[in-house]
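Per-entry structural report
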Amino acid sequence: MYYTSTRDKSVRVTASEAITKGISPDGGLFVPTEIPKISMDFIKELIPLSYIERAKRVLGLYLTDFTADEIAYCVEGAYKQGKFSSDKVSPLYKLADGEYILELWRGPTCAFKDMALQLLPYLLTTASNKTLKDTEIVILVATSGDTGKAALEGFKDVPNTKILVFYPVDGVSPMQKLQMTTQEGGNVGVCAIEGNFDDAQSGVKAIFTDRDIEKKFRENGLAFSSANSINWGRLVPQIVYYISAYCDMVESGAVSLGSPVNIVVPTGNFGNILAAFYAKEMGVPVKTLVCASNANNVLTDFLKTGTYNKNREFYCTVSPSMDILISSNLERLLFHLCGEDDATVKNWMRQLSEDGKYTVTGDVLEKIKSLFAAGFCDDNATKQTIFEIFNGYGYLCDTHTAVALNVYKNYKACTGDNTPAVIASTANPYKFSASVLSAISEKIKSENEFDMVEELFEKSGEPVPPQLATLKGKSPRFTNVCSKENMKRVVFDMLGI
Ligand SMILES: *Cc1c(COP(=O)(O)O)cnc(C)c1O
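Residues numbered from 1 in each chain as written. Predicted model: local features only at pLDDT ≥ 70, side-chain atom pairs only at ≥ 80, totals over all residues. Heavy atoms only, no water.

Thoughts on the overall build of the chain
- Broken down by element type, the chain carries 22 helices and 16 strands.
- Over its C-alpha atoms the chain spans a radius of gyration of 22 Å, differing by no more than 12% from the 23 Å that the globule rule assigns to 497 residues.
- Each principal axis of the C-alpha atoms in the chain carries an extent, and together these give about 60 × 60 × 50 Å.
- Taking as baseline every contact in the chain between residues at least 6 positions apart, the subset at least 24 positions apart corresponds to 73%.
- With the model as given, the accessible surface of the chain reaches about 19600 Å², and the carbon-plus-sulfur share is 48%.
- Of the side-chain charges in the chain, 51 are positive and 59 negative, and the distance between the mean point of each set is 2 Å. (Helix = DSSP H or I, 4+ residues; strand = E, 2+ residues; numbered from the N terminus. Rg over C-alpha atoms; globule rule 2.2 N^0.38 Å. Contact = heavy atoms within 4.5 Å. Areas by Shrake-Rupley, 256 points an atom, 1.4 Å probe, with all protein chains shown as cover. Lys, Arg positive; Asp, Glu negative; His and termini not counted. Charge placed at Lys NZ, Arg CZ, Asp CG, Glu CD.)

A closer look at helix α14 (residues 330–337)
- Within α14, eight of the eight residues are buried, which leaves the element mostly enclosed by the surrounding structure.
- Residue Gly339 follows α14 closely and has a positive phi angle near 70 degrees. (Buried < 20%, exposed > 50% of the residue type's maximum accessible area, 1.4 Å probe, protein only.)

Re the sheet that holds strand β9 (residues 222–225)
- Pairing is parallel in the open sheet, where five strands are placed in the order β9-β6-β7-β8-β16. Two strands in the sheet have a free side with no partner beyond their single neighbour: β9 and β16 (481–482).
- Relative to β16, strand β8 (residues 188–193) runs parallel, the two sharing two bridges. Of the residues in β16, the one forming a bridge with Ile193 is Cys482.
- Against the sheet, helix α10 (residues 211–219) engages β6 (136–142) and β9, with an angle of about 130 degrees to β9.
- Against the sheet, helix α22 (residues 487–495) engages β6, β7 (161–168), β8, β9 and β16, with an angle of about 150 degrees to β7. (Pairing = 2+ DSSP bridges. Axes fitted to C-alpha atoms, helices over the stretch in contact; angles between N-to-C directions.)

Description of the sheet that holds strand β2 (residues 8–13)
- Reading across from one edge, β2-β1-β3 is the order of the three strands in this open sheet, with antiparallel pairing throughout. Sheet topology places β2 and β3 (30–32) at the edges, where each strand pairs with a single neighbour. The mean inter-strand angle of the sheet, taken between neighbouring strand axes irrespective of direction, is 40 degrees.
- One ladder, built from two bridges, connects strand β1 (residues 3–5) with β2; its direction is antiparallel. Along β2, the bridge assignment pairs Ser5 with Asp8.

A word on the packing of aromatic side chains
- For the structure on display, the rule yields 17 aromatic pairs.
- Here Trp232 and Tyr278 contribute two aromatic rings whose centre-to-centre distance is 5.4 Å and whose plane-to-plane angle is 90 degrees, an arrangement assigned as edge-to-face. Taken as a pair, Trp232 in helix α11 (residues 232–251) and Tyr278 in helix α12 (residues 271–282) lie far apart in primary sequence, 46 residues in all.
- Exposure remark for Trp232: the relative accessible area of 0% places this residue in the buried category. (Phe/Tyr/Trp six-rings, centres within 6.5 Å; stacked < 30°, edge-to-face > 60°.)

Digging into the environment of Asn391
- Looking at the secondary structure, you find Asn391 in helix α17 (residues 379–393).
- Along the sequence, Asn391 and Ile440 sit 49 residues apart, while their C-alpha atoms lie 8.6 Å from each other.

A look at the nonpolar core
- Counting 116 residues, the largest nonpolar core has Tyr62, Tyr79, Ile239, Tyr242 and Tyr358 as the members making the most contacts within it.
- Excluding residues within four positions of it along the chain, Tyr62 makes contact with Met1, Tyr3, Ala15, Pro32, Ile35, Pro36, Trp232, Val236, Ile239, Tyr278 and Met282.
- Core analysis: the second largest hydrophobic core is formed by 38 residues, Ile101, Val290, Ile440 and Leu456 among them. (Core = buried A, V, L, I, M, F, W, Y, C linked by side-chain atoms within 4.5 Å.)

This is the structure in structure tokens:
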């Protein structure tokens, strides 16, 4: 199987090249030239298997230039016993008849990004062994919170890699900050930037394209790569869990083999729901993909009207990982739905960068409407949902998952569609303790986030993940703060060049 670019169909690369390059030189994203199909027999064979064995089978369909041994090495390393707090890696929780929560946050950092970022380092180092011999890979990340920690945890002590994370000094929560600054591992670095997230991001981009740095890197046997969510190596692990969830639905008797499910996803950059789209295209029986947004409802409008317009107010919400106005992975969906017309995609993306908007019509819009339903809710409704789910079912969910549950409830009420649903849950509630606590308590006693974790435990009785419980009182390992101008120096110092 080969991969091409959404903006230039003459591009033809292997999976390894797509993963090591991250993005196509024309600015497009790598997509498979053909989406592999699976049969009901294939799904039936997966049902008795463990998550790891299911992952090997599914990834084998996409990473065709990896040997079976290489795929086994990658998957076994990423999801081995003890890394995730469930033997099933991403277990299904039955909330009510026909409503199943897919818990994607059982990994080391308690957010769904672990599902991909535990595997990516293995895919990247295996791929780069094929394409760039004798090179050490340097991962640079600018983060507003969750991605930085998940990437650090994924790349920690992975041979032949180094990772350096930059975060805005006042732009992350105290919990997120301590998660990053206490990071262990011999190949990791963390540095705060005087500035906001955009400053950190543009600083990292400038380093990526700096000629002097590139030369110095080459002389020292180093090469940059990215752990960004547009890398195909972050998307492909996510396809696995939707196929695995369908297997679990059949195994538990929630649906019979071949009967459809709906999939509901709290969406930001459109990566997670795009993985569900690939699973559907491959042949998993999925009726409707429900795209849930917070007050930043640019995707709701797009999926309903065909007009994508980012020229609107940006809201900081209680579900911050979905506070996004440019959902990069949407470009891949558009490419598949418009008959792989690279010129058209390129034109839409040019309009987006020049005018902040574009409109799709006709056939493409019809396809979107037949595949997707969309909705959004504000912070009040998000917190109200956390309260209702906790009181009604005794289940404590985080703010992002609550957006999905709220949108799903409205979808069901409006359409009467009772198809059994898989609802993606993207973070452990303790990761967003302050908001979750305020949703279920009238008065909060605690003054800081770490005390709120304990207070939320007293109130809910839900076990606190040990990696969050032990953070309080840990002393940070990385305390340096640098100016934007000094980021280059920090990179050189860390690499000793
Ligand atoms: C990143 C993130 C999302 C959004 O996922 P996308 O793939 O960007 O749509 C939702 N919830 C949480 C907790 C996240 O960290």
